[in-house]
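In case you want the letters, here they are:
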Amino acid sequence: MIVNFSISIILFLSIFTSSANADASLSVSPNTLKRSGDNVTIQWSDVDSPSNLDWLGIYSPPDSPHDHFIGYEFLNASSTWTSGYGSITLPLTNLRSDYAFRIFRWTQSEIDSKHLDHDQNPLPGTKHLLAESEKVSFGSAVDKAEQIHLAFENKPNRMQVTFVAGDGDERFVRYGEAKDMLGNSAAARGIRYDREQMCNAPANSSIGWRDPGWIFHTVLKNLNPAVRNYYQIGSEAKGWSEIYSFISRDMYAQETRAFIFGDMGCATPYRTFIRTQQESKSTVKWILRDIEALGDKASFISHIGDISYARGYSWVWDEFFAQIEPIASKVPYHVCIGNHEYDFPAQPWKPDWAASIYGNDGGGECGVPYSLRFNMPGNSTELTGTKAPLTRNLYYSYDAGSVHFLSISTETNFLEGGTQYEFIKRDLESVNRNKTPFVVVQGHRPMYTTSNEVRDTTIRQKMLEHLEPLLVKNEVTLAIWGHVHRYERFCPISNNTCGKLWKGSPVHLVVGMGGHDWQSNWAVRPNHPDLPIFPQPEESMYRTGEFGYTRLVANKDKLTVSFVGNHDGEVHDTVEMLATGEVISGSRDDFKSSDAATAPAPVEVTSGSKDDTESPNVQTVPSSATFVEKSEASDGSWFVKGAGLVVMGVVLGFIAGYFTGVKKGSSARNRWIPVKSEEI
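Residues numbered from 1 in each chain as written. Predicted model: local features only at pLDDT ≥ 70, side-chain atom pairs only at ≥ 80, totals over all residues. Heavy atoms only, no water.

Identification of the chain as Purple acid phosphatase from Raphanus sativus is taken from an unreviewed UniProt entry. You can read under Sequence similarities (unreviewed entry) in the UniProt record for the chain the words "Belongs to the metallophosphoesterase superfamily. Purple acid phosphatase family." (UniProt positions renumbered as here; feature names shortened; annotations may be inferred.)

Structure (structure tokens):
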């Protein structure tokens with residue numbers, strides 16, 4: 001009797017599910033898209049007994065297994081979902097394959113605590129399929145050039161162009177100094193990488209792997225300096241892209257302009273297996289504003305490691321390049337390698353002291369997408385020790401106006417006696433300071449930080465031991481790092497001691513606030529390690545958890561770096577380094593011209609209370625501030641200010657305090673952003 005009853009229940013549920021599958025419908029519009037970023041609207045109806053766990057799966061290729069979606073959204077994102085119908089509109093990126101959509105029913109009892117995404121949230125179950133859509137295609141656009149980005153070449157009268165297309169047929173870049181006269185042509189060479197060249201999961205798994213398409217590269221030659229050049233990509237057989245433009249490089253430019261940040265990542269219009277970086281859209285938005293405001297003045301971008309945060313989910317690289325194309329097709333986009341592009345268990349250089357530092361942060365990519373999707377100046381390479389091709393774009397240098405830039409790798413051997421160390425040494429010793437009075441060194445992991453990032457302690461010690469003497473001896477002006485997802489500016493510093501001049505004591509900046517929102521805490525007070533009390537050390541002149549980027553402007557006399565906050569697109573910290581060696585902290589500059597700096601009135605600063613956490617305002621440093629100023633900006637959920645430490649109370653073991661964080665000449669409003677994780 002019980003057996004018969006159980007069978008009846010199973011049959012009933014089977015009939016119910018089949019009925020639901022038969023009744024629910026799913027449609028898409030349009031069915032053909034023209035390029036990445038075009039919207040598709042997914043509509044459903046007749047979903048019986050809607051649940052807030054009903055979800056929409058996004059698939060490419062369309063025949064992927066149910067659990068191999070690239071992303072998903074819950075149906076309750078639609079305002080009408082409780083009525084059994086609704087719609088979601090998403091921009092799609094061209095993955096050189098069709099898309100399809102499926103809706104599923106997922107129940108509370110089916111939540112699997114072991115099947116989790118990167119944030120430890122349960123991934124949706126695929127047991128009950130309700131409906132499937134027809135395919136969405138990019139049609140002939142699948143073969144059009146996309147993901148276009150530029151880079152300097154070793155010779156200053158050249159520009160590198162890299163892009164992706166759906167097949168390996170020959171493509172060209174035609175270019176010239178007028179839109180209607182693209183009389184020059186450069187053939188582009190296509191290459192690709194395969195799943196077997198990845199080192200570990202998820203990069204080499206069926207879930208993480210997607211066809212990366214063909215990556216094309218060419219060099220535009222014989223460019224006149226400081227001239228707008230127009231270019232178009234394609235072929236007669238495959239069709240031509242729209243016309244883009246850039247300002248060619250000028251080795252003797254009176255001014256240098258750059259946008260510098262790290263750890264940006266990208267946003268996806270859907271949930272996926274890993275955390276994506278919604279704030280990265282603001283970083284791109286404000287930089288695009290600045291590029292357009294510059295008009296015919298040249299600039300470039302430097303992204304200091306942790307580029308896309310794909311971590312083995314290959315389509316995230318496509319999302320990243322689609323997101324940066326509006327800026328990277330206009331100005332050179334330079335990169336340094338970070339842990340999330342490269343690190344893998346079998347990487348060839350992993351000394352005993354680094355065993356706990358270099359893990360599997362690259363998600364099994366072992367530097368392959370980074371090496372082939374970018375083309376930087378120079379020719380640095382390292383063997384991977386696997387089937388993967390050589391790791392490229394590790395260390396290189398170039399001149400831009402009055403500044404010599406040197407990019408290094410903190411993920412491969414940088415110790416004295418190694419190939420990279422010798423390159424750094426020769427490069428710094430050969431700089432012509434009459435031509436480039438300022439020298440900027442860039443790398444991913446920081447040499448200095450007041451973040452409580454304990455795991456990297458040993459690598460920082462090795463950098464101080466092996467690299468800092470080179471920076472000091474060769475009078476590096478500025479060292480810029482990422483990895484820690486905050487902005488922090490140090491005094492001119494060497495051997496952990498503040499100096500008066502940058503000559504012999506480079507200024508260090510941490511600029512890992514480009515978009516990734518997993519934060520490590522600031523270092524705690526040594527005598528209170530169990531309390532959330534984070535004093536700002538003397539060497540830290542300004543620090544904040546606000547997202548944003550930096551602008552660098554230089555001429556022969558002065559190099560200025562300004563921190564721009566994403567919440568308002570305004571400057572919130574500035575430091576000036578004079579050719580004489582003097583460092584001036586706190587003035588605001590006009591990015592359009594370093595010769596005509598202006599100082600807008602500072603934003604009003606209040607004393608701070610818990611109610612202020614709802615306000616995104618960040619302190620603007622007054623132009624009258626001098627080198628001795630020190631400030632700490634608004635960045636989160638509690639406040640620190642005053643002449644001494646005052647304990648305000650204890651709530652469930654959480655202690656908030658006010659402590660001295662302001663030097664003479666500053667009026668700081670101090671807030672902290674919530675710490676989500678120690679992962680960086």
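Peer 1: So what exactly am I meant to see when it comes to the packing of aromatic side chains here?
Peer 2: By convention here, two paired aromatic rings are described through the distance between centres and the angle between planes. Following the criterion strictly, the structure yields 39 aromatic pairs and no others. Relative to phenylalanine 405, the ring of phenylalanine 300 has its centre 5.2 Å away and its plane inclined at 85°; by these criteria the two rings are edge-to-face. With phenylalanine 300 in strand E17 (residues 300–304) and phenylalanine 405 in strand E22 (residues 403–407), the pair connects residues that are 105 residues apart, well separated along the chain. Pair check on accessibility: phenylalanine 300 and phenylalanine 405 agree, each one buried. A connected cluster of aromatic rings, assembled from ring pairs, spans Trp55, Tyr59, Phe69, Tyr72, Phe74, Phe104, Trp106, Phe273, Tyr313 and Trp315. The ring of tryptophan 240 has arginine 174 lying over it, and the distance from NZ or CZ to the ring centre is 3.6 Å. Its guanidinium or amino end placed over the ring of tryptophan 522, arginine 543 lies 4.2 Å from that ring's centre, counting from NZ or CZ. (Phe/Tyr/Trp six-rings, centres within 6.5 Å; stacked < 30°, edge-to-face > 60°. Helix = DSSP H or I, 4+ residues; strand = E, 2+ residues; numbered from the N terminus. Buried < 20%, exposed > 50% of the residue type's maximum accessible area, 1.4 Å probe, protein only. Lys NZ or Arg CZ within 6 Å of the ring centre and 35° of its normal.)

Peer 1: Just to check I follow, could you spell out the sheet that holds strand E1 (residues 25–29) for this structure?
Peer 2: The strands that make up a sheet pair up through hydrogen bonds in the backbone, lying either parallel or antiparallel. The three strands lie next to each other as E1-E2-E5, forming an open sheet whose pairing is antiparallel. At either end of the open sheet lies a strand with only one pairing partner, and these are E1 and strand E5 (86–91). Here the strands of the sheet are splayed against their neighbours by 20° on average, with no regard to which way each runs. Where E1 and strand E2 (residues 39–45) come together, five bridges link them in antiparallel fashion. Each residue of the ladder has a partner; that of valine 28, found in E2, is isoleucine 42. (Pairing = 2+ DSSP bridges. Axes fitted to C-alpha atoms, helices over the stretch in contact; angles between N-to-C directions.)

Peer 1: Sorry if this is basic, but what is going on with the pairing of strand E24 (residues 478–481) here?
Peer 2: Side-chain positions along a regular strand alternate between the two faces of the sheet. Burial along E24 is two-sided: the residues Leu478 and Ile480 and Ala479 and Trp481 are all buried. By the bridge criterion, four bridges tie strand E23 (residues 438–443) to E24 in an arrangement that is parallel. Following the sheet pairing, glycine 443 is matched in E24 by tryptophan 481. Pairing analysis gives four bridges linking E24 to strand E27 (residues 507–511), with the strands arranged parallel. From the neighbouring strand, alanine 479 faces E27, where its bridge partner is histidine 508.

Peer 1: Just checking my understanding: could you explain the layout of surface pockets for this structure?
Peer 2: With a probe scaled to a water molecule rolled over the atoms, the places where space remains empty come into view. For the largest pocket, the calculated volume is near 710 Å³. Lining the largest pocket are 37 residues, and of these Val284, Ala322, Gln323, Glu325 and Pro326 lie nearest its centre. Residue assignment for the lining of the largest pocket shows that the elements contributing at least two residues are strand E8 (146–152), strand E15 (244–247), helix H2 (280–294) and helix H3 (315–328). Split into classes, the residues belonging to the lining of the largest pocket amount to 15 nonpolar, 11 polar and 11 charged. (1 Å grid on protein atoms, 1.4 Å probe; cavity = no way out; pocket = protein on both sides within 12 Å on 5 of 7 lines; lining within 4 Å. Points joined across faces, edges and corners; volume = space filled by probe spheres on them. Nonpolar A, V, L, I, M, F, W, Y, C, P; charged D, E, K, R; others polar.)

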